[in-house]
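Per-entry structural report
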Amino acid sequence: DSCYVRYASNFIHGTGRIDGEIMETLWVPLNIISPSTRGMGTLHCKEVLDYQMNDCNFMKMICISKS
């Protein structure tokens, strides 16, 4: 129990919480393009998936409204 209090991010000053389900928000866009990556080489496949994930993150960033 003392380890939990010592190392849990809830009690460490300056740390934040993360959304453990954030990867699930990428599944739908990745499922759309995944059939096209089946015939690609490993490096090309990684590049295409990386591009798609970066695009998803960029779209999330520009859609955040200032309130």
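Procedures and definitions
Residues numbered from 1 in each chain as written. Predicted model: local features only at pLDDT ≥ 70, side-chain atom pairs only at ≥ 80, totals over all residues. Heavy atoms only, no water. Buried < 20%, exposed > 50% of the residue type's maximum accessible area, 1.4 Å probe, protein only. Helix = DSSP H or I, 4+ residues; strand = E, 2+ residues; numbered from the N terminus. Arc of directions from axis to C-beta. Contact = heavy atoms within 4.5 Å. Axes fitted to C-alpha atoms, helices over the stretch in contact; angles between N-to-C directions. Parallel < 35°, antiparallel > 145°, perpendicular 65-115°, else oblique. Left-handed = near helix turned anticlockwise from the far one by under 90°. Nonpolar A, V, L, I, M, F, W, Y, C, P; charged D, E, K, R; others polar. Expected span 1.5 Å × (residues − 1).

Taken together, the buried positions of helix 2 (residues 27-37) are P29, L30, I33 and T37. Down the axis of helix 2, the sector holding all buried residues measures 85°, keeping them to one side. Facing away from the buried side of helix 2 by over 90 degrees, the exposed positions are V28, N31 and I32. Elements that come into contact with the buried residues of helix 2 comprise helix 3 (42-63).

This part takes up the environment of M40. The residue M40 is located in the loop between helix 2 and helix 3 in this model. Look at M40 and you get partly exposed, because its relative accessible area is 23%. Discounting chain neighbours no more than four positions away, the residues touching M40 are C45 and V48.

Take the packing of helix 2 against helix 3 next. Direction vectors running N to C along helix 2 and helix 3 enclose 160°, while the axes themselves pass 11 Å from each other. Here helix 2 is positioned roughly antiparallel relative to helix 3, judged by the angle of their axes. The hand of the helix 2/helix 3 crossing is right-handed. Taken together, the residues of helix 3 that come into contact with helix 2 (itself represented by P29, L30, I33 and T37) are C45, V48, L49, Q52, M53 and C56. Class assignment of the residues belonging to the contact of helix 2 with helix 3 gives a composition of eight nonpolar, two polar and no charged.

Side chains that are three or four residues apart share a direction in an α-helix, a result of its 3.6 residues per turn. Here helix 3 is 22 residues long and its end C-alpha atoms lie 32 Å apart, about the 32 Å a rise of 1.5 Å per residue gives. The set of residues buried in helix 3 consists of C45, Q52 and C56. Seen along its axis, helix 3 keeps its buried residues to an arc of 40°; they face one direction. Along helix 3, the residues that are exposed and aim more than 90 degrees away from the buried face are L43, K46, E47, Y51 and M61.

On to the side chain of Q52, then. Within the fold, Q52 resides in helix 3. Classification of Q52 as buried rests on a relative accessible area of 17%. With residues up to four places along the chain from it excluded, the contact list for Q52 reads P29, L30 and I33.

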